[in-house]
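In case you want the letters, here they are:
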Amino acid sequence: RSKQRGRGTYSFFSPEMGAQAAARVELESGLRGALERDEFVLHYQPKVSLETGRVVGVEALLRWRRPGRGLIPPDRFVPVLESTRLILTVGAWVLRTACADLVSWDRLGLPPLVMAVNLSPRQLAQPFLARMVDDTVREHGLDPGRLELELTESLLLEERTGTTDVLDAFARMGVRVAIDDFGTGHSSLSRLKRLDVDTLKIDRSFVAELPHDREDLAIASAIVAMGRSLQMRVVAEGVETPAQARCLARLGCHEAQGWLVGRPMPAAELVAWLQDRDRPRRDGWDGDTEPMT
Ligand code: C2E
Ligand code: MG
Ligand code: MG
Ligand code: MG
């Protein structure tokens, strides 16, 4: 059986390889060197307080500007980065870039925001992650409380060696920790209680059908109540309509993120958006509902 070597460094396509596998190899070879070629870019999506309507933070979301192919969304390539060691260097770049942008916004005199950065499970298994985060925050002269690391719920599932230590290290440093897409994984509530988690992000699948869907309303309400009683902040993802925002505010959810507030935008666009918003409010959600406290 013959393996036909392509001219690329590692792509070899054999007839028995499916088109899907071939596409993946092609994707992976495109990703190698993408960092050096400066093809990654961060977009930032704002989060607002449902109590005051003010912008309180942003989430950094990675995109790949692939030559000739446009802007590739993370769902298409982050899994590939994650299955290789590339996520470690790209992840470190994301953190550095997000911190540098945050510092530059401070210098422009914008109100101090909290920067949320997504971490993959593979990064969390890295022994020097806490040290890397600490170094990055220090190098940029940032208050560690301005950084929030978003982790997936699967980390709560089992007692993985290392995870607890890393989260403890973040807590000691004063870096915040959020559980992303909360409600979609299988989390152990006893573990959630023991870990130092600051924020729960309600997955957007539970937000989409609010306020009409009874089940989703029950789930969103339960997550908010649990988060609040465990002294955590609760953020709703994927908020697209004023009715959803009003419903979440009534439930006592602290913050909202979604198209209603703003789409993920390049840094320069976010700055203009923030400056424009600083003027008297006239956005879609009028904040007329008293939040439950
Ligand atoms: P996530 O962390 O849950 O990010 C929220 C996703 O929801 C983003 O998709 C965002 O664009 C999208 N979204 C925000 N508001 C709305 C809305 O109102 N409606 C709808 N339908 N969608 C909304 P995006 O940017 O495509 O990112 C997808 C996922 O990729 C992220 O989900 C995160 O898990 C991952 N990701 C993004 N950047 C990074 C990164 O730097 N590192 C790692 N490890 N993962 C990343
Ligand atoms: Mg996230
Ligand atoms: Mg999320
Ligand atoms: Mg989500």
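Keep in mind the model is a prediction, meaning the values are calculated, not measured.

**Topic: the overall build of the protein**
The helix and strand tally for the protein stands at 10 helices and 12 strands. In the protein, the proportion of contacts linking residues at least 24 apart, taken out of those at least 6 apart, comes to 67%. Accessible surface, the protein: about 15,100 Å² in total, of which carbon and sulfur atoms supply 51%.

**Digging into the site of ligand 1**
Around ligand 1, 23 residues are found, and the nearest of them are Glu 59, Arg 63, Asp 180, Glu 240 and Trp 259. One of the backbone N or O atoms of Leu 62 is found 3.1 Å from a nitrogen atom in ligand 1. Here ligand 1 has 800 Å² of accessible area as a free molecule, and 85% of this is covered by the chains. Contributions of two or more residues to the shell around ligand 1 are made by β4 (55–66), α2 (74–83) and β8 (176–182).

**Here we look at the side chain of Glu 153**
Here Glu 153 shows up in the loop between β7 (147–152) and α6 (163–173). It is Arg 191 that comes nearest to the buried, bridge-free Glu 153 among opposite-charge side chains, at 11 Å. At 3.2 Å, the side chain of Glu 153 forms a polar contact with the backbone nitrogen of Gly 183. At 3.3 Å, the side chain of Glu 153 forms a polar contact with the backbone nitrogen of Thr 184. Sequence-distant contacts of Glu 153, that is, excluding residues within four places in its chain, are made with Ile 179, Asp 180, Asp 181, Phe 182, Gly 183, Thr 184, Gly 185, His 186 and Ser 187.

**Here we look at unusual backbone geometry**
A cis amide bond links Leu 210 to the next residue, Pro 211, at an omega of 0°. Position of Pro 211 relative to the elements: it lies in the loop between β9 (199–202) and α8 (214–229). Even without being glycine, Gln 231 reaches a positive phi, approximately 60°. Take Gln 231: it is sitting in the loop between α8 and β10 (233–236). Among the residues examined, Gln 231 registers a relative accessible area of 68% and is labelled exposed.

**Details of the packing of aromatic side chains**
Scanning the model with the defined rule gives five aromatic pairs in all. Ring geometry for Phe 40 against Trp 64: centres 6.5 Å apart, planes inclined by 35°, an arrangement best described as tilted. Here Phe 40 is found in strand β3 (residues 40–49), whereas its partner Trp 64 is found in strand β4, with 24 residues between them in sequence. Across the pair, Trp 64 and Phe 40 agree in class, each one buried. For the ring pair Phe 40 and Trp 93, a centre distance of 6.3 Å and an interplane angle of 45° mean the geometry is tilted. Pair noted here: Phe 40 is in strand β3 and Trp 93 is in helix α3 (residues 86–107), with a separation of 53 residues, a long-range link. The exposure class of Phe 40 is buried, given its relative accessible area of 4%. Clustering of aromatic rings is evident, with ring pairs tying together Phe 40, Trp 64, Phe 77 and Trp 93.

**Quick look at the coordination of the magnesium ion (ligand 3)**
Around the magnesium ion (ligand 3), the protein supplies Asp 180 (OD), Asp 181 (OD) and Glu 237 (OE) as donor atoms, at distances of 1.6 to 2.5 Å. Between the magnesium ion (ligand 3) and the magnesium ion (ligand 2), a spacing of 3.7 Å is present, and a bridge between the two is formed by Asp 180. Among the residues examined, Asp 181 registers a relative accessible area of 27% and is labelled partly exposed.

**Brief notes about helix α9 (residues 242–251)**
Taken residue by residue, α9 has Gln 244, Ala 245, Cys 247, Leu 248, Ala 249 and Leu 251 as its buried positions. Tucked inside the fold, the buried residues of α9 contact β9, α8 and β10. Among the residues trailing α9, Gly 252 stands out with phi positive, at a value near 100°.

**Side note on the coordination of the magnesium ion (ligand 2)**
Bound to the magnesium ion (ligand 2) are the protein donor atoms Glu 59 (OE), Asn 118 (OD1), Glu 150 (OE) and Asp 180 (OD), situated 2.0 to 2.2 Å from the metal. Exposure remark for Asn 118: the relative accessible area of 28% places this residue in the partly exposed category.

**Concerning the environment of Ala 249**
Tracing the backbone shows Ala 249 in helix α9. Among the residues examined, Ala 249 registers a relative accessible area of 0% and is labelled buried. When the C-alpha positions of Ala 249 and Ser 49 are compared, they lie 9.2 Å apart, and in sequence the two are 200 residues distant.

**Brief notes about the confidence of the model for the protein**
With 87% of its residues at a pLDDT of 70 or more, the protein has an overall mean of 89. Segment residues 1–6: pLDDT under 50, and eight contacts once partners within four positions in sequence are set aside and those in other chains are kept. A low-confidence stretch, residues 288–293 (pLDDT under 50), is modelled with 11 contacts involving residues beyond four sequence positions or located in other chains. Both confidence scores are given for the complex: pTM 0.90, ipTM 0.97.

Criteria and thresholds
- Residues numbered from 1 in each chain as written.
- Chains lettered and ligands numbered in written order.
- Predicted model: local features only at pLDDT ≥ 70, side-chain atom pairs only at ≥ 80, totals over all residues.
- Heavy atoms only, no water.
- Helix = DSSP H or I, 4+ residues; strand = E, 2+ residues; numbered from the N terminus.
- Contact = heavy atoms within 4.5 Å.
- Areas by Shrake-Rupley, 256 points an atom, 1.4 Å probe, with all protein chains shown as cover.
- Near = heavy atom within 4 Å.
- Polar contact = N/O pair within 3.5 Å; in protein donor to acceptor, adjacent residues only side chain to side chain.
- Buried < 20%, exposed > 50% of the residue type's maximum accessible area, 1.4 Å probe, protein only.
- Lys, Arg positive; Asp, Glu negative; His and termini not counted.
- Salt bridge = Lys/Arg side-chain N within 4 Å of Asp/Glu carboxyl O.
- Phe/Tyr/Trp six-rings, centres within 6.5 Å; stacked < 30°, edge-to-face > 60°.
- Donors = N, O, S within 2.8 Å, 3.2 Å for Na, K, Ca; no water.
- pLDDT = per-residue confidence, 0-100.

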